[in-house]
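Each chain, written out:
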Amino acid sequence: MHPIARSSAYLGLRGITLTDVDAMLAIYGSSAATEHMSFEPRTRDQVEQIVTRGVAAAAVTPRTEYALAVVEQETAELIGFGRLALDPHQQRGATIGFALRPDTWGKGYGVQTVHLLLGFGFNELNLHRIWGARSPLNLASAKTMLAAGMVEEGTIREHVLKAGEWRDSVVHAILDREFFSGS
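Notes on the structure follow.

Criteria and cut-off values
For every chain, the first residue of the written sequence is number 1, and numbering continues from 1 onward in sequence order. Per-residue local features are limited, in this predicted model, to residues with pLDDT of at least 70; the limit for side-chain atom pairs, both in listing and counting, is 80 or more; totals at the level of whole chains, interfaces and linings are taken over all residues. Where side-chain values are given, they derive from all heavy atoms of the structure, hydrogens and water being excluded. Between N-to-C directions, angles span 0 to 180 degrees; the directions come from axes that are lines fitted to C-alpha atoms, helices contributing only their stretch in contact. In DSSP terms, a helix is any run of H or I states spanning at least four residues, a strand is any run of E spanning at least two, and both are numbered starting from the N terminus. With respect to orientation, any angle under 35 degrees is reported as roughly parallel, any angle over 145 as roughly antiparallel, any angle of 65 to 115 as roughly perpendicular, and every other angle as oblique. Put simply, a crossing is left-handed when the front helix is turned counterclockwise from the back one by less than a right angle, and right-handed when it is turned clockwise. Every residue pair with non-hydrogen atoms within 4.5 Å of one another is taken to be in contact. Amino acids are sorted into nonpolar (Ala, Val, Leu, Ile, Met, Phe, Trp, Tyr, Cys and Pro), charged (Asp, Glu, Lys and Arg) and polar (every other residue, Gly among them). Only protein atoms enter the 1 Å grid, on which a cavity is a set of points fitting a 1.4 Å probe that cannot get out and a pocket is an open set with protein on both sides within 12 Å along at least 5 of 7 lines, lining residues being those with an atom within 4 Å of a point. Grid points are joined across faces, edges and corners, and a volume is the space filled by probe spheres set on the points. Should DSSP find at least two bridges between two strands, the strands are regarded as paired.

### Thoughts on the packing of helix H1 (residues 21-28) against helix H3 (residues 44-57)
In the contact formed by H1 and H3, the axes pass within 9 Å of each other and the chain directions differ by 115°. Considering the angle they form, H1 stands roughly perpendicular to H3. The handedness of the crossing between H1 and H3 is right-handed. Of the residues in H3, those touching H1 at Val21, Asp22, Met24, Leu25 and Tyr28 are Arg44, Val47, Glu48, Ile50 and Val51. Considered class by class, the residues forming the contact of H1 with H3 number 7 nonpolar, no polar and 3 charged.

Rendered as C-alpha cells:
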C-alpha cells in the first residue's frame, strides 16, 4: 500500500482517513449534495462505516478500490470525495464517482477533481477506460464530465432505485488515448 498524492492548482487527492468522518458528513449528510446520488443523505454512523470501508480497502491486495479525499491545497481542508473502483467486468477499466461539499460548487473544483481521478487511473494504474454514471437531471455533473474530456455514451435504463422510484443513469467515459491527447 503506497500513499496516494495527486494535486492540481487548487486541489489535492489523498487517501481517506478515519479522521475524515465529520468532513465527509458535510457531503454525504447533505440533501443538496446527495440529491442526484443513488442514496438518501447519510447519518454520521453511516458515513463512519463508509470511511471505515474506504480505509480497509486501502489495505487489500490486490487493491481494487480507492476512496480518496479531495482537499483544498491552501487549507488542506476536505471539501470532497472521489472514488475509483476497478471494474471486474472490463480489462483495465474502472468506474469513478465524485461529490463536493455544496458551498464549494461553481468554483471549477468538479473538473479538477475529475482530472485528478482520471490522471491517477491512467498514469498510476495504467487503465484503458474509465467511466462514471450520473442522474439524467444532474446537468452540473454532465457539464463537469464533458469539460474533463469524458464522452456521453448512453443511458442505463432504470439503473438506480431511490426513494422507491427507478431512475436511469447516463454514462460518460474516456479512453487512455483520449486523456493523453487532451481530446
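### Remarks on the layout of surface pockets
In this structure, the largest pocket occupies an estimated 1,300 Å³ of space. Across the lining of the largest pocket, the residue classes break down as 21 nonpolar, 16 polar and 9 charged.

### What to know about the sheet that holds strand S7 (residues 151-162)
If you walk across this open sheet you meet the 8 strands as S1-S2-S3-S4-S5-S6-S8-S7, and the pairing is mixed. The strands lining the two open edges of the sheet, one partner per strand, are strand S1 (5-7) and S7. Each neighbouring strand pair of the sheet contributes to a mean axis angle of 25°, computed without reference to strand direction. Each of S1, strand S2 (11-15), strand S3 (65-72), strand S4 (78-86), strand S5 (93-100), strand S6 (129-134) and strand S8 (165-175) is contacted by helix H4 (residues 109-124), which is oriented at about 155° to S5, the strand it contacts most.

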